[in-house]
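# Observations on the three-dimensional arrangement
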Amino acid sequence: MAKPPKPIGMVTELPKASWWKVNRHIVLLLAGVFLGWQLSSGSSGADPQPAPPCPTHSSPSPSTSVEPFPGLTRSP
């Protein structure tokens with residue numbers, strides 16, 4: 001009858017992985033999503049200032065006439 005194989009070393013169970021090692025990919029994913037959302041929202045914490053009003057253009061009154069600059073008119 002053949003002899004059973006001789007054990008070379010003692011077989012032991014590895015220690016259980018820590019909570020961080022098991023769940024770090026989830027924590028880093030959530031942190032990345034949160035930071036990306038914060039950066040993309042553009043909220044600086046300050047109230048936005050309203051835009052200054054644009055100047056309005058009024059049409060000239062009928063009593064005024066517009067004359068071109070001298071020298072820019074064609075002479076016949």
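Above this note sits the structure.
One structure accompanies this document, and this report is about it. (Residues numbered from 1 in each chain as written. Predicted model: local features only at pLDDT ≥ 70, side-chain atom pairs only at ≥ 80, totals over all residues. Heavy atoms only, no water.)

### Considerations on the overall build of the chain
The condition is simple: Helix numbering and strand numbering both begin at the N terminus, where a helix is a DSSP run of H or I of at least 4 residues and a strand a DSSP run of E of at least 2. Exposed residues in this analysis have more than 50% of their type's maximum accessible area, buried residues have under 20%, and partly exposed residues fall in between, with area computed by a 1.4 Å probe over protein chains only. In this description, accessible areas are obtained by the Shrake-Rupley approach with a 1.4 Å probe, and a residue is regarded as covered only by the protein chains that are shown.
Counting its regular elements, the chain contains one helix and zero strands. Expressed as a percentage of its 76 residues, the buried residues of the chain come to 1%. For the chain, the accessible surface area stands at approximately 8500 Å², while carbon and sulfur atoms represent 66% of it.

### Focus: the packing of aromatic side chains
Formally: Classification of ring pairs uses Phe, Tyr and Trp, with its six-membered ring standing for Trp, and accepts pairs whose centres are within 6.5 Å; under 30 degrees between planes counts as stacked, over 60 as edge-to-face, and the remaining range as tilted.
With the rule as written, the count across this model stands at one aromatic pair. A ring pair is formed by Phe34 and Trp37, whose centres lie 6.1 Å apart and whose planes are at 45 degrees; its orientation type is tilted. Note that Phe34 and Trp37 are positioned in helix 1 (residues 19–41) at a spacing of three residues, about one turn of the helix.

### Some points on a nonpolar patch on the surface
Basically, it comes down to this: Like charges are joined within 9 Å and nonpolar side chains (Val, Leu, Ile, Met, Phe, Trp, Tyr) within 5 Å, but only among residues with over 30% relative accessible area and no salt bridge; these make up the patches. Take a side-chain nitrogen of Lys or Arg and a carboxyl oxygen of Asp or Glu: if they are within 4 Å of each other, that pair is a salt bridge.
A cluster of nonpolar side chains, namely Trp19, Trp20, Val27 and Leu28, defines an oily patch on the protein surface of about 450 Å² accessible area. Considering the arrangement of structural elements, one finds Val27 in helix 1.

### Focus: helix 1
Along an α-helix, residues three or four positions apart point the same way, because every turn accommodates 3.6 residues. Note the cut-off: Helix span, as expected, comes to 1.5 Å for every residue beyond the first. By definition, a residue's bend is the angle between the axes fitted to the seven residues ending there and the seven starting there.
Compared with an ideal rise of 1.5 Å per residue, which puts 23 residues at 33 Å, helix 1 spans 32 Å between its outermost C-alpha atoms and is within 8% of the ideal. In helix 1, a bend of some 40 degrees at His25 exceeds every other bend along the element. A positive phi of about 70 degrees marks Gly42, the residue just after helix 1.

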